[in-house]
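# Overview (structure and organization)
The residues making up each chain are set out below.
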2 protein chains.
Amino acid sequence: MADFPKCRRTGWDDADRWADAIAQRVRAAGRMPQTIVALTRGGWVPARLVADRLGVRRLVSLRAQHWGITATPSGKAELTEGLSGPVRDQDVLVVDDITDTGESLALATQHVTEAGASRVESAACLHIGHSKFVPTYFAEEIARDAWVWVVFPWNYWEDLKELAARAYDETHGASAAANLLRERCGLDASLADVTAVLGAERPNP
Amino acid sequence: MADFPKCRRTGWDDADRWADAIAQRVRAAGRMPQTIVALTRGGWVPARLVADRLGVRRLVSLRAQHWGITATPSGKAELTEGLSGPVRDQDVLVVDDITDTGESLALATQHVTEAGASRVESAACLHIGHSKFVPTYFAEEIARDAWVWVVFPWNYWEDLKELAARAYDETHGASAAANLLRERCGLDASLADVTAVLGAERPNP
């Protein structure tokens, strides 16, 4: 029997709330970064929202490639590609969606430091207690023993596709797969969405 | 008297709907890009949402710096910084939020082509009829004579700050500025939001 993670589906209200909280904490610390570096892919949306709130116009992307499988708490991170712009002598805030193992943000801040940034801080929407890396700012903490797979509104289809395929392998039906996701993962996805990601090769009997 | 643009405030439902439409049109054309290139800053959120729907994991950022002022239909674009990753021999979809003059997407597709991409198409959430450049895919068209300044959920605070400051210059009060924005721009922003962006140096008498 496949292992299904507990999921928490989040929405755009959460994303706005997280960005508000991060911006508020950056301001409360008396800080104002010159450049926001967003980790690809998870950091793009939060970085854009935090930049909008702080009035930071300089956004740079940094690719951190996860070598892992969706919906597992483990997975190694490696920086496979560079920055979309220079950060030398810049006061930088590095943003990602979630710390999880913390490896991505740890590598990213190190990379940005080595690229000559004058100051590097970091932020994540969600910080998981078991992370080896604690970001300078985070909007919300998930306790170590309360780990869930967070389904972000910018990653919903990818997560659903992965999980629905695994559920279908067990249930051999789209409706049953949707029920399994709801009951075992706590992931509320409509039958239409589940059917869409399963595709024609996995029919509902 | 300052010139105030007609605004259309959009939300996350719009963003999801635009991404659905673009992904659906890309699929309907029988296409599947290997890499999605997002224009900084406006393209990041739409690119992330389109990538999620298409299952494209390779996201690359391209900085296009606008030399213009918020809330004007004109403004020149120039590519000031490069790509966050290589696109050589890649089938690429370049994504931005809105075409407006079209200069950003025109420059970006040219830049990606010159960087060695094997095929380059483009997408925008909104396409304005007066744009010199027509993207391969767009979710919605705004007629040439129906131009509005589109306030995206990822640019709300920046737009509001710019517009509220101009409104305050005329009204000398936050409540009156909020009213002006509502009546002359069609921009519904709460007094709390307007007060927040005006800051302590612009009190409400």
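Everything quoted here is computed from the prediction, not taken from an experiment.

### So, the sheet that holds strand β3 (residues 58–63) of chain A
All names here are of chain A. Overall, parallel pairing links the 5 strands, which are arranged β3-β2-β6-β7-β8 in an open sheet. What marks the edges here is a single partner per strand, and that holds for β3 and β8 (137–142). Geometrically, the sheet is characterised by an average inter-axis angle of 25 degrees between neighbouring strands, direction not taken into account. Across 4 bridges, the pairing between strand β2 (residues 35–40) and strand β6 (residues 91–98) is parallel. Within β6, the residue paired with Thr 35 across the bridge is Val 92. Each of β6, β7 (119–128) and β8 touches helix α1 (residues 12–28); the most contacted strand, β8, lies at about 130 degrees to it.

### Considerations on the relation of the copies chain A and chain B
Each copy superposes on the other: chain A lies on chain B with an RMSD of 0.0 Å after a rotation of 180 degrees and an axial shift of 0.0 Å. The two molecules are tied by a two-fold rotation axis, judged by turn and shift. The position closest to the rotation axis in chain A is occupied by the C-alpha of Ser84(A), lying 1.9 Å away. Here 100% of the interface residues in chain A have copies in chain B that are interface residues too; the copies meet face to matching face.

### Considering the pattern of salt bridges
One pass over the structure, following the stated rule, counts 26 salt bridges over all chains. Its salt-bridge partner being Arg184(A), residue Glu170(A) comes within 2.9 Å of it at the nearest N-O pair. Note that Glu170(A) is positioned in helix α4 (residues 156–171) and Arg184(A) in helix α5 (residues 174–185), a separation of 14 residues in sequence. With a shortest N-O distance of 2.7 Å, Asp14(B) and Arg17(B) are connected by a salt bridge. Of the two residues, Asp14(B) and Arg17(B) both sit in helix α1 (residues 12–28), 3 residues apart, roughly one turn of that helix.

### Overview of the packing of aromatic side chains
Within the structure shown, the criterion is met by 12 aromatic pairs over all chains. Ring centres 4.7 Å apart and planes at 15 degrees place the aromatic pair Trp44(A) and Trp44(B) in the stacked group. Linking Trp44(A) in helix α2 (residues 44–54) with Trp44(B) in helix α2 (residues 44–54), this pair reaches from one chain into another. In this structure, Trp44(A) and Trp44(B) share a single accessibility class: buried. Consider the rings of Trp147(B) and Trp149(B), whose centres lie 6.4 Å apart with planes at 55 degrees: the pair is tilted. You can call Trp149(B) buried: its relative accessible area is 14%. A network of ring pairs unites the aromatic residues Trp12(A), Trp18(A), Phe152(A), Trp154(A), Trp12(B), Trp18(B), Phe152(B) and Trp154(B) as a single cluster. Above the ring of Phe4(A), the side-chain terminus of Arg166(A) is found at 5.6 Å from the ring centroid. The residue whose ring lies beneath Arg9(B) is Tyr156(B), and the NZ or CZ to ring-centre distance is 3.8 Å.

### A word on the environment of Thr109(A)
Residues and elements named next belong to chain A. In this structure, Thr 109 sits in helix α3 (residues 103–114). Residue class for Thr 109 comes out buried when judged on its relative accessible area of 12%. Sequence-wise, Thr 109 and Phe 152 are 43 residues apart; in three dimensions their C-alpha atoms are separated by 23 Å. In this view, Thr 109 contacts Val 94, Val 120, Ser 122 and Phe 133; residues no more than four positions away in its chain are not counted. Within the structure, the side chain of Thr 109 is placed 3.0 Å from the backbone oxygen of Ala 106, a separation counted as a polar contact.

### Considerations on the confidence of the model for chain A
Residues and elements named next belong to chain A. In this model, chain A carries an average pLDDT of 90, and 91% of its residues clear a pLDDT of 70 or more. The low-confidence segment residues 66–74, where pLDDT is below 50, has 26 contacts with residues more than four positions distant or belonging to other chains. Interface confidence for the predicted complex, expressed as ipTM, amounts to 0.91; the pTM equals 0.91.

### Notes on the sheet that holds strand β7 (residues 119–128) of chain B
All names here are of chain B. Spatial strand order, β3-β2-β6-β7-β8: 5 strands in an open sheet with parallel pairing. Unpaired on one side and paired on the other, β3 (58–63) and β8 (137–142) mark the two borders of the sheet. Adjacent strand axes in the sheet meet at a mean angle of 25 degrees, parallel and antiparallel pairs treated alike. Taken together, the 7 bridges between strand β6 (residues 91–98) and β7 define a ladder with parallel strand orientation. Its bridge partner being in β7, Asp 91 is matched across the sheet by Arg 119.

### With respect to the environment of Leu62(B)
Among the secondary structure elements, Leu62(B) is positioned in strand β3. For the pair Leu62(B) and Val37(B), spaced 25 residues apart in the sequence, the C-alpha separation amounts to 6.5 Å.

### Here we look at the interface of chain A and chain B
Of the residues lining the interface, 32 residues belong to chain A; the matching set on chain B comes to 32 residues. At the boundary of chain A with chain B, total buried surface from both sides reaches about 3,000 Å², with 51% on carbon and sulfur atoms. Three residues, Trp12(A), Trp44(A) and Arg48(A), lead the burial of chain A against chain B; their summed loss comes to 25% of the area buried on that side. Scanning the region where chain A abuts chain B turns up 2 salt bridges. One salt bridge in this structure joins Glu158(A) and Arg57(B), with 3.1 Å as the shortest N-O distance. Taken together, the connections running from chain A to chain B amount to 18 residue pairs in polar contact (both at pLDDT 80 or more).

What counts, and at which threshold
- Residues numbered from 1 in each chain as written.
- Chains lettered and ligands numbered in written order.
- Predicted model: local features only at pLDDT ≥ 70, side-chain atom pairs only at ≥ 80, totals over all residues.
- Heavy atoms only, no water.
- Pairing = 2+ DSSP bridges.
- Helix = DSSP H or I, 4+ residues; strand = E, 2+ residues; numbered from the N terminus.
- Axes fitted to C-alpha atoms, helices over the stretch in contact; angles between N-to-C directions.
- Contact = heavy atoms within 4.5 Å.
- Least-squares fit on C-alpha atoms with pLDDT ≥ 70 in both.
- Salt bridge = Lys/Arg side-chain N within 4 Å of Asp/Glu carboxyl O.
- Phe/Tyr/Trp six-rings, centres within 6.5 Å; stacked < 30°, edge-to-face > 60°.
- Buried < 20%, exposed > 50% of the residue type's maximum accessible area, 1.4 Å probe, protein only.
- Lys NZ or Arg CZ within 6 Å of the ring centre and 35° of its normal.
- Polar contact = N/O pair within 3.5 Å; in protein donor to acceptor, adjacent residues only side chain to side chain.
- pLDDT = per-residue confidence, 0-100.
- Buried area = accessible area lost by both parts, 1.4 Å probe.

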